[in-house]
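Residues per chain are reported as follows:
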Amino acid sequence: MDKPWKDMTSDERLAHRLDHYVAMPGFEFASPEAEARYRERATIIRDAFEMKVPARVPVFPSEGFFPTRNAGLTMKETLYDYEKVADAVLAYCEEYQPDAWFGALALVPGRCFDILDYKLYDWPGRGLADDLIYQMIEGEYMTADEYDKLSADPTDFFLRRFLPRTFGALEPLVKLPLLPPIHEMPMTPTSLLAFGMPDVQEALQKLVEAGNEAMRWMGVMGKLGAQVRAMGIADWAGAAAKAPFDVVGDTLRGTRALMTDLFRRPDQVIEACERLVPSMIEMGVGSVNQTGVPLVFMPLHKGADGFMSNKQFERFYWPTLKAVMLGLVEEGCIPVMFAEGGYNQRLEIIADFPPGKCIWWFDQSDMGRAKEVLGDVCCIAGNVSTALMAAGTPEEVKAYCKDLIETAGRDGGFILTNGCGIDHAKPENVKAMMDAGLEYGTY
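Here we summarise the structure given alongside this text. (Residues numbered from 1 in each chain as written. Predicted model: local features only at pLDDT ≥ 70, side-chain atom pairs only at ≥ 80, totals over all residues. Heavy atoms only, no water.)

### Structural notes on unusual backbone geometry
Point 1. For the peptide bond that leads from G382 to N383, omega is -25 degrees, which places it in the cis range.
Point 2. Among the structural elements, N383 can be located in strand β10 (residues 379–384).
Point 3. Of note in this structure, M24 is not a glycine but carries a positive phi near 45 degrees.
Point 4. Of note, M24 is situated in the loop between α1 (10–23) and α2 (32–49). (Helix = DSSP H or I, 4+ residues; strand = E, 2+ residues; numbered from the N terminus.)

### Things to note about the side chain of D47
Point 1. Within the secondary structure layout, D47 lies in helix α2.
Point 2. Notably, D47 is buried but unbridged: the nearest opposite-charge side chain belongs to K52, and the N-O separation is 4.4 Å.
Point 3. Contacts of D47, omitting those with residues within four sequence positions, involve K52 and P54. (Buried < 20%, exposed > 50% of the residue type's maximum accessible area, 1.4 Å probe, protein only. Lys, Arg positive; Asp, Glu negative; His and termini not counted. Salt bridge = Lys/Arg side-chain N within 4 Å of Asp/Glu carboxyl O. Contact = heavy atoms within 4.5 Å.)

### Some points on α1
Point 1. Along its 14 residues, α1 runs 20 Å from first to last C-alpha, staying within 8% of the 20 Å computed at 1.5 Å per residue.
Point 2. Regarding α1, the residues found buried are S10, R13, L14, R17, L18, Y21 and V22. Along the axis of α1, the buried positions cluster into a sector of 160 degrees, meaning they face one direction only. (Expected span 1.5 Å × (residues − 1). Arc of directions from axis to C-beta.)

### Details of the layout of surface pockets
Point 1. Here the second largest pocket defines a volume of roughly 180 Å³.
Point 2. Around the second largest pocket, the lining comprises 13 residues; the ones closest to its centre are K371, G375, D376, R410 and D411.
Point 3. Looking at the lining of the second largest pocket element by element, the count peaks at four residues for helix α16 (residues 367–374).
Point 4. For the lining of the second largest pocket, a count of residues per class yields five nonpolar, three polar and five charged. (1 Å grid on protein atoms, 1.4 Å probe; cavity = no way out; pocket = protein on both sides within 12 Å on 5 of 7 lines; lining within 4 Å. Points joined across faces, edges and corners; volume = space filled by probe spheres on them. Nonpolar A, V, L, I, M, F, W, Y, C, P; charged D, E, K, R; others polar.)

### A word on the pattern of salt bridges
Point 1. Across all of its chains, the model carries 39 salt bridges by this definition.
Point 2. With a shortest N-O distance of 3.3 Å, K6 and D7 are connected by a salt bridge.
Point 3. We note a salt bridge from D19 to R46, for which the minimum N-O separation is 2.8 Å. One end of the pair, D19, is in helix α1; the other, R46, is in helix α2, with 27 residues separating them in the sequence.

### Details of empty space enclosed by the protein
Point 1. Within the structure shown, the criterion is met by one cavity of 30 Å³ or more.
Point 2. If you add up the space inside the largest cavity, you get close to 40 Å³.
Point 3. Lining the largest cavity are L18, Y21, I45, R46, F49, P294, L295, I334 and I359.
Point 4. Looking at the lining of the largest cavity, the elements that each hand over two or more residues are α1 and α2.
Point 5. Sorting elements by how many residues they give to the lining of the largest cavity places α2 first, with three residues.
Point 6. For the lining of the largest cavity, a count of residues per class yields eight nonpolar, no polar and one charged.

### Description of the side chain of R253
Point 1. Positionally, R253 belongs in the loop between α11 (244–251) and α12 (255–264).
Point 2. A polar contact is formed between the side chain of R253 and the side chain of E140, at a distance of 2.9 Å.
Point 3. From its side chain, R253 meets the backbone oxygen of M142 in a polar contact 2.9 Å long. (Polar contact = N/O pair within 3.5 Å; in protein donor to acceptor, adjacent residues only side chain to side chain.)

### Some thoughts on the packing of aromatic side chains
Here a ring pair, both rings aromatic, is described through the centre-centre distance and the interplanar angle of the planes.
Point 1. Applying the stated criterion across every chain yields a total of 27 aromatic pairs.
Point 2. Relative to Y92, the ring of F66 has its centre 6.1 Å away and its plane inclined at 75 degrees; by these criteria the two rings are edge-to-face. Placement of the pair is F66 in helix α3 (residues 66–70) and Y92 in helix α5 (residues 82–96), with a sequence separation of 26 residues. In this structure, F66 and Y92 share a single accessibility class: buried.
Point 3. An aromatic cluster is present here, built from F65, F113, Y118, Y121, W123, Y134 and F167 joined pairwise through their rings.
Point 4. When the ring centre of Y82 is taken as reference, the NZ or CZ atom of R111 above it lies at 5.6 Å. (Phe/Tyr/Trp six-rings, centres within 6.5 Å; stacked < 30°, edge-to-face > 60°. Lys NZ or Arg CZ within 6 Å of the ring centre and 35° of its normal.)

### Focus on the pairing of strand β2 (residues 121–124)
Point 1. Examined bridge by bridge, β2 and strand β4 (residues 135–136) share two bridges and lie antiparallel to one another. Paired with D122 across the bridge in β4 is Q135.
Point 2. Pairing of β2 with strand β3 (residues 127–128) involves two bridges; the strand directions are parallel. Its bridge partner lying in β3, P124 is registered against L128. (Pairing = 2+ DSSP bridges.)

### Structural notes on α5
Given 3.6 residues to a turn, an α-helix orients residues that are three or four positions apart in the same direction.
Point 1. Counted at 1.5 Å a residue, the expected span for α5 with its 15 residues is 21 Å, and the 21 Å between its end C-alpha atoms agrees.
Point 2. Residues Y82, V85, A86, A88, V89, L90, Y92, C93 and Y96 constitute the buried set of α5.
Point 3. Residues of α5 that are buried in the fold lie against α3, α4 (75–80), β1 (100–101), α6 (110–116), α10 (198–230) and α19 (427–440).
Point 4. Following α5 by one or two positions, Q97 has its phi on the positive side, about 50 degrees.

### Points about the nonpolar core
Point 1. If you look at the biggest cluster of nonpolar residues, it comprises 115 residues, and the most contacted ones within it are W360 and F362.
Point 2. Broken down by element, the residue count for this core peaks at ten residues, all from helix α13 (residues 266–291).
Point 3. Beyond its immediate chain neighbours, meaning those up to four positions away, W360 contacts L300, W318, M325, M337, A339, Y343, I350, L374, C378, C379, I380 and A381.
Point 4. Membership of the second largest hydrophobic core comes to 28 residues, among which are V22, I45, A237 and I334. (Core = buried A, V, L, I, M, F, W, Y, C linked by side-chain atoms within 4.5 Å.)

### A word on a negative patch on the surface
Point 1. A cluster of acidic residues, D145, D148, E271 and E274, forms a negative patch at the surface.
Point 2. For E274, the position within the fold is in helix α13.
Point 3. The partly exposed category is assigned to E274, whose relative accessible area is 46%. (Patch = residues over 30% accessible without salt bridge, like charges linked within 9 Å, V, L, I, M, F, W, Y side chains within 5 Å. Areas by Shrake-Rupley, 256 points an atom, 1.4 Å probe, with all protein chains shown as cover. Charge placed at Lys NZ, Arg CZ, Asp CG, Glu CD.)

### Quick word on the sheet that holds β4
Point 1. Reading across from one edge, β3-β2-β4 is the order of the three strands in this open sheet, with mixed pairing throughout. Edge positions in the open sheet fall to β3 and β4, since each of these has one partner strand only.

In structure tokens, the structure reads:
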């Protein structure tokens, strides 16, 4: 890197990150053949992102919990037995040879949440049967009169209000002081008093315990990631971030409360979303800097066609989402926008973005229209049906993928993957999807 990072343009930063992603300098592969496979796969993903015509269409499932289910693990084992999970993922990668894998984002460590008495979800081992996927418990974890507090200081709000409400073990954190006063010696002692309280100390000790468990989990998952790459399989996500509107709607206000807020306090909703933009950018960039993988996965939960009108989308959802995307792009990152549900009414709106800077990954959108509207703007990915993967035949899967490649993959700029996690897919259908990509995806 000849220039200091601060003096680089966004294009130079992106090129630097992509060069590293393809070359992976200093990384030890399992064999020269595996290294060659990795470079080939990373290159076709890069070419697809840059809207070039790659040697072939990149193909890989968004595997979800398919690897662990395919290995016979229950969801409880998936959350608690990290070594078994790693073995299952390695077996999946060896058998199906995807061009990339999604990573450990969904493979969360159950013990961390046990230790902290997490109240925002139920999971196998706490409230759910052993083979059910964890479920979020929607609620108003931020009250309607707290928008100003969130906007004034998002970090303080999460520390002293959100965490005590969503983690039973962290309830004493409501006693923590407002931290900015600790900027002069005479004001510091009274601010330290809360840290001497036994219940606050116990809460902090629980954080230490959970942190130790997270380190154990990361040790296994970090090794797994290196093993997958050493096999010659590329990474599909090096970081994650969210749309600010979804941060407010998913786990602060909840869906119903937020939708009424759009009418009762619209300006406060917008201000809160704007205040969350820097945090979401930092969340993505910070992880990319650690992983060396420039792809930032962004699951879009409440932007789908059925949640709001286009007018509301353009006022409440898109401006701050676009601001996060542009912030990531400025740092040489690639926003990977996972458009859950249908985005057929949004295509012209989201086309308002600098060309060649992001990937739109569609779940249930019309891929012909997506190609027509976005073909000159960005790479598109998706939308092999999750239902088809679970209930269809291999012949139906191959026919669907062939049509998708011919429709959305013409002239490059396309990645073949499914629209949502393939947790319950038939193994023969996963193989059929991979075979279809290799058979029909060569340009």
